[in-house]
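Working through the structure, step by step
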Amino acid sequence: SQKIEQNSEALNIQEGKTATLTCNYTNYSPAYLQWYRQDPGRGPVFLLLIRENEKEKRKERLKVTFDTTLKQSLFHITASQPADSATYLCALDIENTNAGKSTFGDGTTLTVKP
Amino acid sequence: NAGVTQTPKFQVLKTGQSMTLQCAQDMNHNSMYWYRQDPGMGLRLIYYSASEGTTDKGEVPNGYNVSRLNKREFSLRLESAAPSQTSVYFCASTRGRSSYNEQFFGPGTRLTVL
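Notes on the structure in this doc start here. (Residues numbered from 1 in each chain as written. Chains lettered and ligands numbered in written order. Predicted model: local features only at pLDDT ≥ 70, side-chain atom pairs only at ≥ 80, totals over all residues. Heavy atoms only, no water.)

1. A few points about the interface of chain A and chain B
- With 21 residues of chain A in contact, the opposing surface of chain B contributes 22 residues.
- Summing both sides of the interface, chain A and chain B together bury roughly 1900 Å²; the carbon and sulfur share of this comes to 49%.
- Where chain A meets chain B, there are 0 salt bridges.
- On inspection of chain A and its partner chain B, the count reaches 5 residue pairs in polar contact (both at pLDDT 80 or more).
- Broken down by element, the side of chain A that touches chain B gets its largest block of residues, 4 residues, from strand β4 (residues 32-38) of chain A.
- In terms of residue class, the side of chain A that touches chain B is made up of 8 nonpolar, 8 polar and 5 charged. (Contact = heavy atoms within 4.5 Å. Buried area = accessible area lost by both parts, 1.4 Å probe. Salt bridge = Lys/Arg side-chain N within 4 Å of Asp/Glu carboxyl O. Polar contact = N/O pair within 3.5 Å; in protein donor to acceptor, adjacent residues only side chain to side chain. Helix = DSSP H or I, 4+ residues; strand = E, 2+ residues; numbered from the N terminus. Nonpolar A, V, L, I, M, F, W, Y, C, P; charged D, E, K, R; others polar.)

Structural data, given as structure tokens:
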């Protein structure tokens, strides 16, 4: 079955730097990959979706890349701020059947220090 | 709009007790989902409902039942709670059946089974 691995349990960076988070998958390349943000005690909030035929997607200070050869997506936050501190989850189609079922990675917790 | 609402927010049960977690959305979404999130393990899909009147198993359905009461409401029932079901439960909804759609999450129910 498809497995997702997100890099390291925690990432600490200094304010103003670029944070880079990794999402690797093991089997087939999904048709899409989503990124969510989760704050402590709250439900995840959707950030970005990237399709398999898109190399890169941007939204304000966020950038997502998708490399189907490496079976990897990278999530970048440029000019990071303490308010960006949260857990970031990637998700993709659990069976690549577009049936509405997603599998989530365990998440990477980002802390941005002032 | 309230988005996705869940009740209760917190619950403590004894082993063997039963309870129903309630979820409602006011976005006229077709698909709804139940996930559980254990510390460090990310979100795992329990059940989902692609449309009113249909339900399907996810990754970890054992010990749970669901009811799609109408288009707005999707409930999750634990018939005989076990300590292994201690977790945070999230309900989510999407506009359509396609995995392409972003998921909107509720605030979660924190369940402890003693």
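Past the structure itself, the notes keep going.
2. What about the environment of T103 of chain A?
- Position of T103 of chain A among the secondary structure elements: in strand β10 (residues 102-104).
- Note on T103 of chain A: relative accessible area 10%, which makes it buried. (Buried < 20%, exposed > 50% of the residue type's maximum accessible area, 1.4 Å probe, protein only.)

3. Digging into the packing of aromatic side chains
- Per the stated rule, a full pass over the model turns up 13 aromatic pairs over all chains.
- On the basis of an interplanar angle of 90° and a centroid distance of 5.4 Å, the ring pair of F104 of chain A and Y35 of chain B is categorised as edge-to-face. Of this pair, F104 of chain A sits in strand β10 while Y35 of chain B sits in strand β4 (residues 31-37), placing the two residues on different chains.
- The class for Y35 of chain B is buried, based on a relative accessible area of 0%.
- Between F90 of chain B and F105 of chain B, the aromatic rings sit 6.5 Å apart at their centres with planes inclined by 85°, giving edge-to-face as the arrangement. You can see F90 of chain B sitting in strand β9 (residues 87-94) and its partner F105 of chain B sitting in strand β10 (residues 104-105), a full 15 residues away along the chain.
- Judged by its relative accessible area of 1%, F90 of chain B falls in the buried class.
- What links up through ring pairs into an aromatic cluster is the set Y36, F46 and F104 of chain A together with Y33, Y35, Y48, F90 and F105 of chain B. (Phe/Tyr/Trp six-rings, centres within 6.5 Å; stacked < 30°, edge-to-face > 60°.)

4. Points about the state of the cysteines
- Enumeration over the complete set of coordinates arrives at 2 disulfides over all chains.
- Sulfur-sulfur distance for the disulfide between C23 of chain A and C90 of chain A comes to 2.1 Å. Where C23 of chain A bonds to C90 of chain A through sulfur, the torsion about that S-S bond is close to 70°, and the disulfide is right-handed. Remark: C90 of chain A occurs in strand β9 (residues 86-93) and C23 of chain A occurs in strand β3 (residues 19-25); sequence separation between them is 67 residues. Across this residue pair, the class does not change: C23 of chain A and C90 of chain A are buried.
- With a sulfur-sulfur separation of 1.9 Å, C23 of chain B is cross-linked through a disulfide to C91 of chain B. Here C23 of chain B and C91 of chain B share a disulfide; its torsion about the S-S bond, -70°, makes the bridge left-handed. (Disulfide = S-S within 2.5 Å.)

5. Quick word on the sheet that holds strand β1 (residues 4-6) of chain A
Residue and element names in this part refer to chain A.
- In space, the 5 strands of this open sheet follow the order β1-β3-β8-β7-β6, with antiparallel pairing throughout. Either end of the sheet is taken by a strand with one partner, and the two such strands are β1 and β6 (56-59). The sheet shows a mean angle of 15° between the axes of neighbouring strands, direction not considered. (Pairing = 2+ DSSP bridges. Axes fitted to C-alpha atoms, helices over the stretch in contact; angles between N-to-C directions.)

6. Overview of the pattern of salt bridges
- If you walk through the whole model with that rule in mind, you get 8 salt bridges over all chains.
- The partner of D38 of chain B in a salt bridge is R44 of chain B, and the shortest N-O contact between them spans 2.6 Å.
- Put simply, R77 of chain B and E79 of chain B hold a salt bridge, and the shortest N to O gap is 3.2 Å.
- What you see here is one network of salt bridges that share partners, running through R51, E54 and K57 of chain A.

7. Some words on the sheet that holds strand β1 (residues 4-7) of chain B
All names here are of chain B.
- Pairing is antiparallel across the open sheet formed by 4 strands, whose spatial order is β1-β3-β8-β7. Here the strands that pair on one side only, and so sit at the sheet edges, are β1 and β7 (64-68). Strand-to-strand, the axes of this sheet are offset by a mean angle of 20°, without reference to chain direction.
- Bridge analysis of β7 against strand β8 (residues 74-78) gives 5 bridges, and the strand direction is antiparallel. From the neighbouring strand, V66 faces β8, where its bridge partner is L76.

8. Side note on the nonpolar core
- If you look at the biggest cluster of nonpolar residues, it comprises 23 residues, and the most contacted ones within it are L33, W35, F75, Y88 and L110 of chain A.
- Mapped by element, the contributors of at least two residues to this core are β2 (10-14), β3, β4, β5 (45-51), β7 (62-67), β8 (72-77), β9 and β11 (108-113) of chain A. (Core = buried A, V, L, I, M, F, W, Y, C linked by side-chain atoms within 4.5 Å.)

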